[in-house]
Amino acid sequence: MRTPIIAGNWKMNNTQKQTAALIAELRPLVEGAESEVVVCVPYTSLAAARKAVRGSNIKLGAQNVHWAESGAFTGEVSASMLKELKVEYVIIGHSERRQYFGETDATVNARIKAALAAKLKVIACVGETLDERMTGRTEQVLEEQIIRGFQGFKTREFDKIVIAYEPVWAIGTGKTATAEEANATIAFIRKTVAKKFSPLIAGRLRIQYGGSMNAKNAKELMAMPEIDGGLIGGASLKAEDFSKVVNYNNN
Ligand code: PGA
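Bear in mind the structure is a predicted one, so any value in this text is a computation, not a measurement. (Residues numbered from 1 in each chain as written. Predicted model: local features only at pLDDT ≥ 70, side-chain atom pairs only at ≥ 80, totals over all residues. Heavy atoms only, no water.)

(A) Expanded view of the environment of Gly-61. By secondary structure assignment, the location of Gly-61 is in strand 3 (residues 58-62). Residues Gly-61 and Pro-42, 19 residues apart in the sequence, show an inter-C-alpha distance of 9.0 Å. The residues contacting Gly-61, other than those within four sequence positions of it, are Val-38, Val-39, Cys-40, Val-41, Leu-46, Val-87 and Tyr-89. (Helix = DSSP H or I, 4+ residues; strand = E, 2+ residues; numbered from the N terminus. Contact = heavy atoms within 4.5 Å.)

See the structure below:
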């Protein structure tokens with residue numbers, strides 16, 4: 001059995017004050033949820049979020065991490081800095097990082113390595129662009145992202161990794177992959193992990209869907225056998241919407 005994991009990706013939203021208020025509103029709404037609940041907040045909100053989630057079932061996540069322990073990397077944050085703030089999860093390789101900040105499979109690989117070494121859990125993002133899907137390259141692209149992104153990892157390290165499958169064309173666009181499409185692509189990702197790493201690990205690996213997942217479509221997506229959770233952008237910024245995704249079975 002894979003425990004579902006619903007993670008909010010706040011992106012560049014919410015000051016410390018707004019963070020405290022949103023989490024305070026969210027806490028009672030997700031209490032006792034069957035899924036694991038995570039909020040991935042901006043660096044500047046981590047301390048406020050840590051305080052706000054204390055004593056609740058909401059886990060704290062960051063949105064990126066650098067591969068070096070320290071040094072001349074202006075604007076970057078290391079894994080030990082996140083650990084000190086009691087961060088549990090970190091998103092790595094989000095398509096916005098790949099698109100706007102030059103993230104590659106090699107940097108994704110290095111960041112995941114550093115995160116795991118510091119005992120952070122990782123939400124590693126993969127996904128194809130619209131052009132790649134239209135030209136029939138989805139599987140090739142995903143396979144490359146998986147092989148390069150996880151290159152050199154030991155099978156047991158996958159226990160600390162969640163993969164988020166996020167078709168780039170579905171992020172923030174209101175267009176979701178259909179539940180069947182998402183399920184089939186996630187099945188392909190699992191098959192690839194089985195083939196390249198280990199079938200045992202692949203069976204245990206949690207794979208989320210992300211891309212315009214919301215209160216309305218969460219139940220249908222989560223009913224799919226391959227989909228083990230969601231990475232939620234826009235709908236994670238309102239407590240009620242996000243809680244409905246978390247409690248997808250009650251919708
Ligand atoms: P969205 O974002 O839910 O707003 O589409 C998802 C994500 O980028 O993780």
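After that view, the rundown keeps rolling.
(B) Representation of the side chain of Ser-243 within the structure. You can see Ser-243 is positioned in helix 11 (residues 239-246). Setting aside residues up to four positions removed in sequence, Ser-243 forms contacts with Leu-26, Leu-29 and Val-30.

(C) Inspection of the packing of helix 7 (residues 138-149) against helix 8 (residues 179-196) at higher detail. Look at helix 7 against helix 8: their axes get within 10 Å of each other, and the N-to-C directions meet at 45°. When the axis of helix 7 is compared with that of helix 8, the two are oblique. The handedness of the crossing between helix 7 and helix 8 comes out as right-handed. Within the contact between the two elements, helix 7 uses Thr-138, Glu-139, Leu-142, Glu-143, Ile-146 and Ile-147 and helix 8 uses Thr-185, Phe-188, Ile-189, Thr-192, Val-193, Lys-195 and Lys-196. Considered class by class, the residues forming the contact of helix 7 with helix 8 number 6 nonpolar, 3 polar and 4 charged. (Axes fitted to C-alpha atoms, helices over the stretch in contact; angles between N-to-C directions. Parallel < 35°, antiparallel > 145°, perpendicular 65-115°, else oblique. Left-handed = near helix turned anticlockwise from the far one by under 90°. Nonpolar A, V, L, I, M, F, W, Y, C, P; charged D, E, K, R; others polar.)

(D) Fine view of the packing of aromatic side chains. Scanning the model with the defined rule gives 6 aromatic pairs in all. When the centroid spacing of 6.4 Å and the interplanar angle of 85° are considered together, the rings of Tyr-100 and Phe-101 count as edge-to-face. Each member of the pair Tyr-100 and Phe-101 is classed as exposed. Connected via pairs of aromatic rings, a cluster forms that spans Phe-150, Phe-153, Phe-158 and Phe-197. (Phe/Tyr/Trp six-rings, centres within 6.5 Å; stacked < 30°, edge-to-face > 60°. Buried < 20%, exposed > 50% of the residue type's maximum accessible area, 1.4 Å probe, protein only.)

(E) Here's a closer look at the pattern of salt bridges. Counted by the stated rule, this structure contains 20 salt bridges. Measuring nitrogen to oxygen at the nearest pair gives 3.8 Å for the salt bridge that ties Glu-88 to Lys-59. Within this pair, whereas Glu-88 is found in the loop between helix 3 (79-84) and strand 4 (89-92), its partner Lys-59 is found in strand 3, the two being separated by 29 residues in sequence. Through salt bridges that share partners, Glu-36, Lys-59, Glu-88, Lys-121 and Arg-206 make up one connected network. (Salt bridge = Lys/Arg side-chain N within 4 Å of Asp/Glu carboxyl O.)

(F) Main features of the sheet that holds strand 6 (residues 161-165). The 8 strands lie next to each other as 1-2-3-4-5-6-7-8, forming a closed barrel whose pairing is parallel. Across the sheet, the mean angle separating the axes of adjacent strands is 25° when strand polarity is ignored. Sheet strands touched by helix 1 (residues 16-30): strand 2 (36-40) and strand 3. Its angle to strand 3, the strand with the most contacts, is close to 135°. (Pairing = 2+ DSSP bridges.)

(G) Structural context of the layout of surface pockets. The computed volume of the largest pocket comes to approximately 510 Å³. Counted by class, the lining of the largest pocket contains 6 nonpolar, 7 polar and 4 charged residues. Considered as a void within the structure, the second largest pocket measures approximately 250 Å³ in volume. Taken together, 18 residues make up the lining of the second largest pocket; nearest its centre are Arg-98, Gly-127, Glu-132, Val-141 and Gln-145. Broken down by element, the lining of the second largest pocket gets its largest block of residues, 5 residues, from helix 7. When the residues that make up the lining of the second largest pocket are grouped by side-chain class, the tally is 4 nonpolar, 8 polar and 6 charged. (1 Å grid on protein atoms, 1.4 Å probe; cavity = no way out; pocket = protein on both sides within 12 Å on 5 of 7 lines; lining within 4 Å. Points joined across faces, edges and corners; volume = space filled by probe spheres on them.)

(H) Region of interest: the nonpolar core. Formed by 67 residues in total, the largest nonpolar core has its most connected members in Ile-112 and Tyr-209. Beyond its immediate sequence surroundings of up to four residues, Tyr-209 is in contact with Tyr-165, Pro-167, Ala-170, Thr-176, Ala-177, Ala-182, Ile-186, Leu-221, Ile-227, Gly-229, Gly-230 and Leu-231. Tyr-89, Ile-91, Ala-164 and Leu-231 belong to the second largest nonpolar core, which has 11 residues in total. (Core = buried A, V, L, I, M, F, W, Y, C linked by side-chain atoms within 4.5 Å.)

(I) Region of the structure containing the site of the ligand. Not every one of the 13 residues close to the ligand is listed here, only the nearest: Lys-11, His-94, Glu-166, Gly-172 and Ser-212. In this structure, an oxygen atom belonging to the ligand sits 3.4 Å away from a side-chain N or O atom of Asn-9. Within the complex, the protein chains bury 95% of what would otherwise be the 290 Å² of accessible surface of the ligand. Across the shell around the ligand, the residue classes tally to 4 nonpolar, 7 polar and 2 charged. (Near = heavy atom within 4 Å. Polar contact = N/O pair within 3.5 Å; in protein donor to acceptor, adjacent residues only side chain to side chain. Areas by Shrake-Rupley, 256 points an atom, 1.4 Å probe, with all protein chains shown as cover.)

(J) Summary view of empty space enclosed by the protein. Scanning the model with the defined rule gives 1 cavity of 30 Å³ or more in all. In this model, the largest cavity occupies a volume close to 30 Å³. Taken together, Arg-98, Val-108, Ile-112, Ala-124, Cys-125, Val-126, Gln-145, Gly-149 and Phe-150 make up the full set of residues lining the largest cavity. If you list the elements that add at least two residues to the lining of the largest cavity, you get helix 5 (105-117), strand 5 (121-126) and helix 7. Ranked by residues supplied to the lining of the largest cavity, first place goes to strand 5 with 3 residues.

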